[in-house]
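Chain by chain, the residues run as shown.
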Amino acid sequence: MPEVDRYKQGTPCWVDLSSTDIEVSKKFYRELFGWELEAMDVGQGLTYYMARLKGRYVAGMMQQLPDAPPGMPSYWANYLAVDSADAAAERAVAAGGTIVVAPDSVPNGSGRMFFAADPTGAQIGFWEAGTHLGSGLINEPGTMIWNELQTNDVPKAVAFYEAVTGCTSSTGPAGDQREYTSLVVEGRPVAGALKVPIEGLLPFWMTYYNVEDVDQALQQAVELGGHVIAPAFDVPGIGRMAVLMDPAGAAFSIMAGLPA
C-alpha cells in the first residue's frame with residue numbers, strides 16, 4: 001500500500017536533503033515532484049522543510065549546516081527505521097560502524113535519531129519514530145520507491161545492516177545484474193545493495209523516486225536546471241530509470257516500474 005502508518009525495523013523510512021542552496025533546491029523539487037513545502041523552525045536560526053504530497057509527509061530538506069566541512073556537496077540522506085536509536089547505535093559500533101552523529105532527540109517529540117558510517121564508509125541515518133513515523137506515502141509519483149546501497153564490499157556492508165537492524169539478505173540475479181543483494185524484512189525486500197558501478201566512487205546510499213514517465217521527468221528536470229548522470233535506461237523485469245543531479249549538486253534517481 002502506498003500509504004504507510006508504521007515502519008518495521010530495518011526498513012527505509014525517510015529521506016532528507018542537505019543542500020548548499022536551499023532556495024534553488026526548494027524550487028526544483030517543488031516543480032519536479034509537485035511537493036508542498038512546510039517550514040519548521042528547528043532552532044539556532046535553522047529551518048527544516050517538510051515536503052507534502054496528498055496531505056502526507058514524504059521527504060525533508062534544509063540548508064547545509066554552517067559547520068559542514070568545506071566543499072561538502074549537497075546530498076540526500078537515507079534513514080532506516082529502528083525501535084531504539086540508542087540500542088541500535090550500540091549495535092552499530094559493535095558491528096564495526098562509526099557513529100557520525102550521536103543519538104539525539106528531535107524537537108517536539110518527532111523522534112530520536114543518529115547517523116553512522118557502515119564499515120565500508122557509506123553513511124546512513126537511523127530513525128526511532130515518535131510523532132513522526134517517516135514518509136507517510138511511498139511508491140507513488142513524487143515519493144521514494146527504492147533505496148540502494150552502492151559499496152565496494154557488499155558482504156561486509158550487508159553484515160553490518162543485518163547486525164544493527166536484524167534484517168536478512170538475499171543475493172541473486174536481478175534485472176541486468178548477475179548479482180544483486182536485497183535487504184529483507186519479514187520476507188519482503190526493502191532495499192538493495194550492489195558494488196559501486198564506477199571505480200573510485202565512494203560508498204553511498206542512493207534514493208529512487210517514482211515518476212509516471214521517466215523520459216518526461218528527465219526532460220523536465222533538465223529544464224529546471226538539473227543535470228543527467230545516467231540517461232534513461234530500461235532494466236529487464238523491473239522498469240525504466242535514470243540518474244540525475246539537482247541544480248545544487250545532489251544525486252538521485254527516478255524510476256517508473258513495470259505494470260503489476
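Residue numbers here run from 1 along each chain, matching the order of that chain's written sequence. With pLDDT at 70 or above as the cut-off, local features in this predicted model cover only qualifying residues; side-chain atom pairs require 80 or more to be listed or tallied, and sums for whole chains, interfaces and linings still use all residues. Side-chain numbers come from the whole structure's heavy atoms, not from hydrogens or water.

## Considering the pattern of salt bridges
To keep things clear, this is the line we draw: Salt bridge, as applied in this entry: a Lys or Arg side-chain nitrogen positioned within 4 Å of an Asp or Glu carboxyl oxygen. Secondary structure follows DSSP: runs of H or I at least 4 residues long count as helices, runs of E at least 2 residues long count as strands, and numbering of each begins at the N terminus. Only protein chains enter the accessibility calculation, which uses a 1.4 Å probe. A residue is then buried if its area is under 20% of the maximum for its type, exposed if over 50%, and partly exposed in between.
This structure, assessed with the given rule, holds 10 salt bridges. The salt bridge partner of Lys54 is Glu140, with a shortest N-O separation of 2.6 Å. One end of the pair, Lys54, is in the loop between strand S3 (46-53) and strand S4 (56-63); the other, Glu140, is in the loop between strand S8 (123-129) and strand S9 (144-151), and 86 residues separate them in sequence. Residue classification places Lys54 among the exposed positions, given a relative accessible area of 68%. In this structure, Arg240 engages Asp215 in a salt bridge whose closest nitrogen and oxygen atoms are separated by 2.7 Å. One end of the pair, Arg240, is in strand S15 (residues 239-245); the other, Asp215, is in helix H4 (residues 214-223), and 25 residues separate them in sequence. Through salt bridges with shared partners, a single ionic network connects Glu3, Asp5 and Arg56.

## As for the packing of helix H1 (residues 22-33) against H4
Relative orientation and spacing of two packed helices are given, respectively, by the angle between their axes and the distance between those axes. As a reminder of what qualifies: The convention used is that axes are lines fitted to C-alpha atoms, helices contributing only their stretch in contact, and that angles between N-to-C directions extend from 0 to 180 degrees. Comment on the angle field: the value is read as roughly parallel under 35 degrees, roughly antiparallel over 145, roughly perpendicular from 65 to 115, and oblique elsewhere. Crossing handedness follows the turn of the near helix against the far one: under a right angle anticlockwise gives a left-handed crossing, and clockwise gives a right-handed one. Residue contacts are defined here by distance: any two heavy atoms, one from each residue, within 4.5 Å place the two residues in contact.
Close contact between H1 and H4 brings their axes to 10 Å; oriented N to C, the two are set at 155°. Taken together, H1 and H4 sit at an angle that is classed as roughly antiparallel. Relative to H4, H1 is oriented so that their crossing is right-handed. Residues Phe28, Glu31 and Leu32 of H1 pack against Ala217, Gln220 and Ala221 of H4.

## Topic: the sheet that holds S8
Strand pairing in a sheet takes place through backbone hydrogen bonds and is either antiparallel or parallel in direction. Rules: At least two DSSP bridges between two strands are required for those strands to pair.
Pairing is mixed in the open sheet, where 8 strands are placed in the order S2-S3-S4-S1-S5-S8-S7-S6. Looking along the sheet, the strands with just one partner apiece sit at the ends: strand S2 (36-43) and strand S6 (98-106). Between one strand and the next, the sheet's axes are offset by a mean angle of 25°, whatever the strand orientation. Along the sheet, helix H2 (residues 85-94) makes contact with S6, strand S7 (111-117) and S8, crossing S7 at roughly 10°. Running at roughly 15° to S8, helix H3 (residues 154-165) makes contact with strand S5 (75-81) and S8 of the sheet.

## Description of unusual backbone geometry
Positive phi, normally seen in glycine, also occurs at Asn108, with a value near 65°. Tracing the chain through its elements places Asn108 in the loop between S6 and S7. Owing to a relative accessible area of 71%, Asn108 belongs among the exposed residues under this scheme. The backbone phi angle of Asn139 is positive, close to 60°, even though this residue is not glycine. Within the secondary structure, Asn139 is located in the loop between S8 and S9. Under the relative-accessibility criterion, Asn139 is labelled partly exposed at 41%.

## Considerations on the packing of H2 against H3
Heads up, the condition is: Under the scheme applied here, ten amino acids are nonpolar (Ala, Val, Leu, Ile, Met, Phe, Trp, Tyr, Cys and Pro), four are charged (Asp, Glu, Lys and Arg), and all others, including Gly, are polar.
One way to put it is that H2 packs onto H3 with a least axis distance of 8 Å and a crossing angle of 145°. The handedness of the crossing between H2 and H3 is right-handed. The residues of H3 that touch H2, namely those facing Ala88, Arg91 and Ala92, are Phe160, Ala163 and Val164. Of the residues in the contact of H2 with H3, the class split is 5 nonpolar, no polar and 1 charged.

## Points about the sheet that holds strand S13 (residues 204-210)
In spatial order, the strands read S10-S11-S12-S9-S13-S16-S15-S14; together these 8 strands make up an open sheet with mixed pairing. What marks the edges here is a single partner per strand, and that holds for strand S10 (168-174) and strand S14 (227-235). Taking the axes of each pair of neighbouring strands and ignoring which way they run, one obtains an average angle of 30° across the sheet. Bridge count for S9 against strand S12 (residues 188-195) is 4 bridges, and the pairing is parallel. When the sheet's bridge partners are listed, Leu149 is paired in S12 with Ala193. Sheet contacts for H4: S14, S15 and strand S16 (251-257); angle to S15, the most-contacted strand, approximately 10°.

## Quick notes on the environment of Ala68
As for its position among the elements, Ala68 is in the loop between S4 and S5. With relative accessibility at 22%, the residue Ala68 sits in the partly exposed group. Each C-alpha atom, one on Ala68 and one on Thr20, is 9.9 Å from the other, the two residues being 48 residues apart in sequence.

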